[in-house]
Amino acid sequence: ETGVTQSPTHLIKTRGQQVTLRCSSQSGHNTVSWYQQALGQGPQFIFQYYREEENGRGNFPPRFSGLQFPNYSSELNVNALELDDSALYLCASRRVGDYGYTFGSGTRLTVV
Amino acid sequence: KNEVEQSPQNLTAQEGEFITINCSYSVGISALHWLQQHPGGGIVSLFMLSSGKKKHGRLIATINIQEKHSSLHITASHPRDSAVYICAAAGGTSYGKLTFGQGTILTVHP
């Protein structure tokens, strides 16, 4: 399997709800990181997982959490959604030791 | 100062013009990515560079590791090239998170 697949591509949620975004990485990609891109801004680092453990986190509150699974898929969970959580969420994965990342095309989340 | 800086922030060109977008970074990297994003769209990866130069169609990307600088060139620009172009530096450690530039908004007029 090649490429990184994110699902869903678009999503609308109500303030206060919870959301789960999914990322399916290439086989062997044991590092996955998640980014938030608000409108008009560059993507910001949320967190990174390596071998199912979080090994880095950006300046995001604990209501942003994640999971990585042995089958190279991962999830980003956001609780108690706020209007400012409306953004494009990107995942990118790689095998440790590789030079660069493979990108998903993103999930666009709208909170109303 | 951001760890990854792009210039210019906005760029307007006429169809057929040669375009250059610059990216400077202050962190150690293992690779640098150039990405394209159309309005309302997701991210498309154009290039991954760790040294030298790569070419794909009308797009050329170069990197100078010593100067910590990369450029994306578009030859014979076309209105369909209108998009946001983002450079992203992959950190040089095994932790190696990506740090993104703010993006360059390119508009090519017919």
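Quick note: structure is the one above.
None of the values given here were measured: they were computed from a predicted structure.

S.K.: What is the right way to read the overall build of chain B from this model?
M.R.: Broken down by element type, chain B carries 0 helices and 11 strands. Moving toward the C terminus, one meets the helices and strands of chain B in the order β-β-β-β-β-β-β-β-β-β-β. A compact globule built from 110 residues would reach a C-alpha radius of gyration of about 13 Å, and chain B, at 13 Å, matches this within 12%. When the backbone C-alpha atoms are referred to their principal axes, chain B occupies close to 45 × 30 × 25 Å. When the 8 positive and 6 negative side-chain charges of chain B are each reduced to one mean point, those points stand 8 Å apart.

S.K.: Please explain the layout of surface pockets as it appears in this structure.
M.R.: Where empty space is left can be seen by rolling a probe of water-molecule size over the atoms. Here the largest pocket is characterised by a volume of approximately 400 Å³. Forming the boundary of the largest pocket are 21 residues, of which Q37, G40 and Q41 of chain A together with Q37 and V84 of chain B lie nearest the centre. Take the lining of the largest pocket: its biggest share by element is 3 residues, from strand β9 (residues 83-91) of chain B. Considering only residue class, the lining of the largest pocket consists of 8 nonpolar, 12 polar and 1 charged. For the second largest pocket, the calculated volume is near 240 Å³. Lining the second largest pocket are 17 residues, with P43, Q44 and F45 of chain A together with T99 and F100 of chain B positioned closest to its centre. At the level of elements, β5 (44-50) of chain A together with β10 (98-100) of chain B are the ones that each hand at least two residues to the lining of the second largest pocket. In terms of residue count, the dominant contributor to the lining of the second largest pocket is β10 of chain B (3 residues). Among the residues making up the lining of the second largest pocket, the classes are represented as 7 nonpolar, 7 polar and 3 charged.

S.K.: Where do I start with the interface of chain B and chain A in this structure?
M.R.: When the parts of a complex come together, some accessible area is lost, and that lost area is often used as the size of the interface. Listed as interface residues are 24 residues of chain B and, on the opposing side, 23 residues of chain A. Between the two partners, chain B and chain A, sit 0 salt bridges. The interface formed by chain B and chain A holds 5 residue pairs in polar contact (both at pLDDT 80 or more) in total. If you list the elements that add at least two residues to the side of chain B that touches chain A, you get β4 (29-37), β5 (43-49), β9 and β10 of chain B. By residue number, the principal contributor to the side of chain B that touches chain A is β4 of chain B, which donates 5 residues. Among the residues forming the side of chain B that touches chain A, the class breakdown is 9 nonpolar, 14 polar and 1 charged.

S.K.: Which parts of the structure should I look at to understand the pairing of strand β3 (residues 19-25) of chain B?
M.R.: Within a regular beta strand, the side chains point alternately toward one face of the sheet and then the other, so they alternate between its two faces. Residue and element names in this part refer to chain B. Of the two faces of β3, only one is covered, namely that formed by I19, I21, C23 and Y25; the face formed by T20, N22 and S24 stays uncovered. Sheet topology places strand β1 (residues 4-7) next to β3; 4 bridges connect them, and they run antiparallel. Paired with S7 across the strands is N22, a residue of β3. Where β3 lies against strand β8 (residues 69-74), 6 bridges are found, and the strand directions are antiparallel. Residue T20 lies in a different strand from β8, and its bridge partner there is H73.

S.K.: Before we go on, may I ask you to explain the state of the cysteines in this structure?
M.R.: Each disulfide consists of one covalent bond between the sulfur atoms belonging to two cysteines. Within this structure, the stated rule accounts for 2 disulfides over all chains. There is a disulfide in this structure between C23 of chain A and C91 of chain A, and the S-S distance comes to 2.0 Å. Taking the sign of the torsion about the S-S bond as the criterion, the disulfide between C23 of chain A and C91 of chain A, at about 75°, is right-handed. Residue C23 of chain A is located in strand β3 (residues 19-24), and its partner C91 of chain A is located in strand β9 (residues 87-94); the two are separated by 68 residues in the primary sequence. With respect to burial, C23 of chain A and C91 of chain A carry one shared label: buried. Across the disulfide, C23 of chain B is cross-linked to C87 of chain B (sulfur-sulfur distance 2.1 Å). Linking C23 of chain B and C87 of chain B, the disulfide has an S-S dihedral of approximately 75° and is accordingly described as right-handed.

S.K.: What should I look at first to understand the environment of L88 of chain A in this one?
M.R.: Tracing the backbone through its elements, the reader meets L88 of chain A in strand β9. Dropping the residues within four chain positions of it, L88 of chain A is found in contact with Y35, Q36, Q37, S105, G106, T107 and R108 of chain A together with Q37, G41 and G42 of chain B.

About the criteria used
Residues numbered from 1 in each chain as written. Chains lettered and ligands numbered in written order. Predicted model: local features only at pLDDT ≥ 70, side-chain atom pairs only at ≥ 80, totals over all residues. Heavy atoms only, no water. Helix = DSSP H or I, 4+ residues; strand = E, 2+ residues; numbered from the N terminus. Rg over C-alpha atoms; globule rule 2.2 N^0.38 Å. Lys, Arg positive; Asp, Glu negative; His and termini not counted. Charge placed at Lys NZ, Arg CZ, Asp CG, Glu CD. 1 Å grid on protein atoms, 1.4 Å probe; cavity = no way out; pocket = protein on both sides within 12 Å on 5 of 7 lines; lining within 4 Å. Points joined across faces, edges and corners; volume = space filled by probe spheres on them. Nonpolar A, V, L, I, M, F, W, Y, C, P; charged D, E, K, R; others polar. Contact = heavy atoms within 4.5 Å. Salt bridge = Lys/Arg side-chain N within 4 Å of Asp/Glu carboxyl O. Polar contact = N/O pair within 3.5 Å; in protein donor to acceptor, adjacent residues only side chain to side chain. Buried < 20%, exposed > 50% of the residue type's maximum accessible area, 1.4 Å probe, protein only. Pairing = 2+ DSSP bridges. Disulfide = S-S within 2.5 Å.

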